[in-house]
Amino acid sequence: MTDVLVEPEVASDPLAPVLKIECLNVDFHTIDGWVRVVDDVSLVVPAGTTVRLVGESGSGKTVTSLAAIGLLPPDTTRVTGSIRLAGEELVGASSARLSRRRGRDVAMVFQEPRRSLDPVFTVGYQIAEVLRRHEGLDRRAARSRAVEMLDRVGIADAERRFGAYPHEFSGGMCQRVMLAIALACRPRLLIADEATTALDVTVQKEMLALMNDLQDELGVAILFITHDLSVVAETCDWVNVMYAGQVVESTAVDRLFHEPRHPYTEGLLAAIPDPQRRRLQAIPGVVPAPTSWPTGCRFSPRCDYAREGVCTSGAIPLEPAGGAQLTRCARHAEIELKGVLA
Amino acid sequence: MSPLLVANGLHKSYPQGRSLWGRARPAQSVVRDVSFHVDRGETLGIVGETGAGKSTVGRMVLRLVEADSGHVSFDGTDLSTLSPASLRRMRQRMTMIFQDPFNSLDPRMTLRAAVREPLTLHTSLGGAEKEARVRELLERVGMRQDHLDRYPREFSGGQLQRIAIARALAADPDFIVCDEPVAALDLSIQAQVLNLLLDLQQERGLSYLFISHDLSLVRFLAHRVAVMSQGVIVEQGTPEEVFTDPKHPYTRALVSAIPTPRPTRVSRWPAGFPAPGPSRPATERRSR
Ligand SMILES: Nc1ncnc2c1ncn2[C@@H]1O[C@H](COP(=O)(O)OP(=O)(O)OP(=O)(O)O)[C@@H](O)[C@H]1O
Ligand SMILES: Nc1ncnc2c1ncn2[C@@H]1O[C@H](COP(=O)(O)OP(=O)(O)O)[C@@H](O)[C@H]1O
Ligand code: SF4
Ligand SMILES: [Mg+2]
Ligand SMILES: [Mg+2]
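Everything quoted here is computed from the prediction, not taken from an experiment. For every chain, the first residue of its written sequence is number 1, and the numbers climb from 1 along that sequence. The order in which chains are written sets their letters, starting at A; the order in which ligands are written sets their numbers, starting at 1. Given that the model is predicted, a residue must reach a pLDDT of at least 70 before its local features are reported, and side-chain atom pairs must reach 80 or more before they are shown or counted; all residues, however, enter totals for whole chains, interfaces and linings. Neither water nor hydrogens contribute to the side-chain values; these are computed over all heavy atoms in the structure.

*Asks:* Looking at this structure, how should I read the overall build of chain B?
*Replies:* When you go through chain B residue by residue, the secondary structure sums to nine helices and ten strands. Projected onto its principal axes, the C-alpha positions of chain B cover 75 × 55 × 50 Å. Across chain B, the fraction of contacts at a sequence separation of at least 24, relative to all contacts at a separation of at least 6, is 67%. Summed over all atoms, the accessible surface of chain B reaches about 13,500 Å², with 50% contributed by carbon and sulfur. Counted as positive: Lys and Arg. Counted as negative: Asp and Glu. His and the chain ends are not counted at all. Where a charge lies is defined by one atom per residue type: Lys uses NZ, Arg uses CZ, Asp uses CG and Glu uses CD. Treating the 37 positive side-chain charges of chain B as one cloud and the 31 negative ones as another, the clouds have centres 6 Å apart. The helix count covers DSSP runs of H or I at least four residues long, the strand count covers runs of E at least two residues long, and both are numbered beginning at the N terminus. Here, two residues are considered to be in contact whenever any of their heavy atoms come within 4.5 Å of each other. Method for areas: the Shrake-Rupley scheme with a 1.4 Å probe, in which residue coverage is limited to the protein chains shown.

Quick look at the structure:
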């Protein structure tokens, strides 16, 4: 790929988002030929905000975020559309340019903290290494910054713990270390892919609070990916709901729970266990695989509101549904959906 | 009526292997003095952090793991006194559903064979009766007849978990240990499986030991809740007692960490910030 030179957007525009994805498509080369797994995804992450990307497994969340950080294998993937990180276009950019972006402008933490850390190096060394590589700090400076970071992410006795190995840390502590590594070079955007999923609820709560505090302090924008609807409302500003490779609803977090505008969102909310009710409302059927996405609305085989024709004939666009809320439902104007909060 | 299942003073520790110098490490105690009971038709929920010992307790109850000390009695019979043959007979009445539906079924067995197996093991039904029972069970869990000759790889997680439930029901048990039965499933599918468990309980008066790390789930479907931490039950009670008035500090921490669907901070979304906009350039839009 050639390194297309793109003028970065004027950095002084306060409303210029840190991440802006427009009409993103990702296709994978598989034994069945090219298969589209992310289809027409658009989302924005303004500076200093937290945006959730929520959806069931296989809906395309991870692939979307890997595209945003330029980590998809180039030989078996085809990426089209636009991904602008701090104003710079990443689609079509060279791998050298992408790796310069990583670590400096954007960093990522994953679900399995233990697997992301190298077991043979001390946790302190792994943080210091990032600082030396990206910031060009010398050993002493890198070490003291690393200790500072460990302390900042809530590792008690950071000076002594600098020399600890990952196996000496619990899952929650490993995730804090990952956060320290990710934030060491003060990226503008942090992508957290299921970063709290493997943690106990009490530890998860601490992590969410920590990310909130670090955002206050560093102004970092966060794209937080989860399949768990229950953590969506925690310290979050905007939610994108994904289903079968598409964003189907995009809204401020309170409106998601008060006034969902997509039947899938309504169904997810109704499936949350509620001790006031003795039965759960289940969405019938299963999530379709990318190779068997229905034509028209992808949710139509499972949707109570589906109508032959309007829902099943052509691709459904993501459209405004009052205010800044967006929905990908052809019938959103005629149907009334229920939220969970009065 | 006496409770269906009583666990009394269960202990379990595991040897830690040897240290670098060949000295035996002290055994790690993973369950200590755990006692509870489950009534007929009742669900006892067990919640707690990772490694708290929940699964170990579930397995000890069925004697899939032998307790170091303590007793489990089922319908008045002390399981530890049973001969292997009588234990096998007792197993017909108590069974287990595991977390990972992808690994709990033999990949080489068709759906029919998978549900037939426990029938062969625990009943003396003839071939035709067995076939009828297989069909009845699969229909009950919402699988179709044309699924009968398919293999596990052709099913989704939620379907596999329903098949696992059909297998568990085959021998017509009274009691099922459900160890994180929906943890591996997507939210929209979880509800299907949970509703099935609730309906079956109503129909057959089943008792469940329901193990989960998900408090809102346990709160939803358990009649009583036991909270475990570091091998010990720190608190037991009705969901109301445990969730609205937790007594133990660990329970309090756990309850206060339950995520709520209510936004927890003032939105930082810039006022008037342009949302991503309609998804396709107007020219590409379909005409309605
Ligand atoms: N076969 C075994 N050998 C050695 N240690 C074991 C064995 N099985 C369990 N343990 C240990 O016993 C403790 C309790 O494990 P258990 O699986 O019962 O926890 P749990 O509460 O079910 O946790 P989770 O929520 O992660 O499933 C853990 O520290 C575990 O590592
Ligand atoms: N490297 C790959 N090659 C082919 N298909 C892939 C690859 N990575 C992911 N997929 C497929 O893309 C879809 C979306 O996956 P993913 O983004 O990981 O979903 P999730 O929303 O669970 O994070 C899935 O159907 C998955 O099987
Ligand atoms: S477009 Fe039709 S099928 Fe799709 S979500 Fe809306 S009402 Fe349901
Ligand atoms: Mg993922
Ligand atoms: Mg377990």
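*Asks:* Please explain the interface of chain B and chain A as it appears in this structure.
*Replies:* The accessible area lost on association of the parts is a frequent measure of interface size. Listed as interface residues are 48 residues of chain B and, on the opposing side, 64 residues of chain A. Surface buried jointly by chain B and chain A totals about 5,000 Å² across both partners, of which 59% is contributed by carbon and sulfur atoms. In what follows, salt bridge is the name for a side-chain nitrogen of Lys or Arg lying within 4 Å of a carboxyl oxygen of Asp or Glu. Taken together, chain B and chain A are joined by two salt bridges. A salt bridge links Arg265(B) to Asp237(A); the nearest nitrogen and oxygen atoms lie 2.7 Å apart. Distance and chemistry together define a polar contact, namely a pair of N or O atoms within 3.5 Å, with one atom able to donate a hydrogen and the other to accept it when in protein, and with adjacent residues in sequence counting only for side-chain atoms on both sides. Counting the contacts that link chain B with chain A gives 15 residue pairs in polar contact (both at pLDDT 80 or more). Counting residues per element, the ones that place at least two in the side of chain B that touches chain A are helix 6 (187-204), helix 7 (215-221) and helix 9 (249-256) of chain B. Top element by residues in the side of chain B that touches chain A is helix 6 of chain B. It accounts for nine residues. Residues are sorted three ways: Asp, Glu, Lys and Arg are charged, Ala, Val, Leu, Ile, Met, Phe, Trp, Tyr, Cys and Pro are nonpolar, and all the rest, Gly among them, are polar. Within the side of chain B that touches chain A, the residues separate by chemical class into 24 nonpolar, 13 polar and eleven charged. The quantity reported as buried area is the accessible area (1.4 Å probe) lost by two parts once they are put together, taken as the sum for both.

*Asks:* Which parts of the structure should I look at to understand the site of ligand 3?
*Replies:* Residue and element names in this part refer to chain A. By convention in these notes, a residue is near a molecule or strand provided one of its non-hydrogen atoms lies within 4 Å of it. Taken together, His262, Pro263, Cys297, Ser300, Cys303, Tyr305, Ala306, Cys311, Cys329, Ala330 and Arg331 make up all the residues around ligand 3. A 1.4 Å probe that fits but cannot get out identifies a cavity on a 1 Å grid over protein atoms alone, an open set with protein on both sides within 12 Å along at least five of seven lines counts as a pocket, and a residue lines either if it has an atom within 4 Å of a point. A pocket or cavity is taken to hold a molecule when more than half of that molecule's atoms are within 2 Å of the pocket's grid points. Put simply, ligand 3 lies in the largest cavity. Its residues placed into classes, the shell around ligand 3 shows eight nonpolar, two polar and one charged.

*Asks:* I tried to follow empty space enclosed by the protein on my own but got confused; where do I start?
*Replies:* Rolling a probe over the atoms, with the probe sized like a water molecule, indicates the empty space that remains. Residue and element names in this part refer to chain A. Grid points are joined across faces, edges and corners, and a volume is the space filled by probe spheres set on the points. Overall, the coordinates contain six cavities of 30 Å³ or more when judged by the stated rule. If you trace the largest cavity, you find it lined by His262, Pro263, Cys297, Ser300, Cys303, Tyr305, Ala306, Cys311, Cys329 and Arg331. Grouping the constituent residues of the lining of the largest cavity by class yields seven nonpolar, two polar and one charged.

*Asks:* Mind showing me how you'd approach the site of ligand 2 here?
*Replies:* Residue and element names in this part refer to chain A. Looking at ligand 2, the residues that line it are Phe28, Val37, Glu56, Ser57, Gly58, Ser59, Gly60, Lys61, Thr62, Val63 and Pro290. Gly60 places a main-chain nitrogen or oxygen 3.0 Å from an oxygen atom of ligand 2. At 2.8 Å from an oxygen atom of ligand 2 is found a main-chain nitrogen or oxygen belonging to Lys61. Burial of ligand 2 by the protein amounts to 63% of the accessible area it has alone, namely 570 Å².

*Asks:* Teacher, can you tell me more about the packing of helix 3 (residues 111-122) of chain B against helix 5 (residues 157-169) of chain B here?
*Replies:* When two helices pack together, their arrangement is given by the angle between the helix axes and by the axis-to-axis distance. Residues and elements named next belong to chain B. Inter-axis angles, ranging from 0 to 180 degrees, are taken between N-to-C directions of lines fitted to C-alpha atoms, where helices are fitted over the stretch in contact. It is the contact of helix 3 with helix 5, at a shortest axis distance of 7 Å, that shows an interaxial angle of 30°. The orientation of helix 3 relative to helix 5 falls into the category roughly parallel. Here helix 3 contributes Leu111, Ala114, Val115, Glu117 and Pro118 to the contact with helix 5, which in turn contributes Ile163, Ala166 and Arg167. A class-by-class count of the residues in the contact of helix 3 with helix 5 yields six nonpolar, no polar and two charged. Roughly parallel covers angles under 35 degrees, roughly antiparallel covers those over 145, roughly perpendicular covers 65 to 115, and oblique covers all other angles.

*Asks:* Before we go on, may I ask you to explain the side chain of Ser207(B) in this structure?
*Replies:* Residues and elements named next belong to chain B. Topologically, Ser207 is positioned in strand 8 (residues 207-211). Looking at Ser207, its side chain comes within polar contact range of the main-chain oxygen of Asp39, at 3.0 Å. Ignoring anything within four residues of it in the chain, the contact list for Ser207 reads Leu4, Val38, Asp39, Arg40, Gly41, Glu42, Asp174, Phe175, Ile176 and Gln201.

*Asks:* How should the pattern of salt bridges be read in this particular structure?
*Replies:* Two side chains carrying opposite charge are able to pair once their charged atoms lie near each other. A full pass over the atoms with the stated rule returns 34 salt bridges over all chains. A salt bridge links Arg255(A) to Glu259(A), with the nearest nitrogen and oxygen atoms 3.6 Å apart. In this structure, Asp245(B) and Lys247(B) form a salt bridge, with 2.7 Å as the shortest nitrogen-oxygen distance. Only protein chains enter the accessibility calculation, which uses a 1.4 Å probe; a residue is then buried when its area is under 20% of its type maximum, exposed when over 50%, and partly exposed in between. Relative accessible area serves as the criterion here: at 42%, Asp245(B) is assigned to the partly exposed category. Residue classification places Lys247(B) among the exposed positions, given a relative accessible area of 53%. Salt bridges here are not isolated pairs; linked through shared partners, they connect Arg112(B), Arg116(B), Glu131(B), Arg135(B) and Asp149(B).

*Asks:* What's the story with the packing of aromatic side chains in this structure? I'm lost.
*Replies:* Both the distance between ring centres and the angle between the ring planes are used here to describe each pair of aromatic rings. Under the pairing criterion, centres of Phe, Tyr and Trp rings, with the six-membered ring standing for Trp, must be within 6.5 Å; the plane angle then separates stacked pairs below 30 degrees from edge-to-face pairs above 60, leaving the rest tilted. Taken as a whole and judged by the stated rule, the model has six aromatic pairs over all chains. Between Phe121(A) and Tyr125(A), the ring centres sit 4.9 Å apart and the planes meet at 20°, which makes this aromatic pair stacked. On the basis of an interplanar angle of 65° and a centroid distance of 5.3 Å, the ring pair of Tyr264(A) and Phe299(A) is categorised as edge-to-face. Here Tyr264(A), found in helix 10 (residues 263-270), pairs with Phe299(A), found in the loop between helix 10 and strand 11 (319-320); they are 35 residues apart in sequence, far enough to count as distant. Assigned by exposure class, Tyr264(A) and Phe299(A) land together as buried. Of the aromatic side chains, those joined through ring pairs into one cluster are Tyr243(A), Tyr264(A) and Phe299(A). The aromatic ring of Trp34(A) is capped on one face by Arg78(A), whose charged end is 4.2 Å from the ring centroid. The ring of Tyr14(B) carries Lys12(B) above its face, with NZ or CZ at 5.3 Å from the centroid. Whether a charge sits over a ring depends on NZ of Lys or CZ of Arg being within 6 Å of the ring centre and within 35 degrees of the ring normal.

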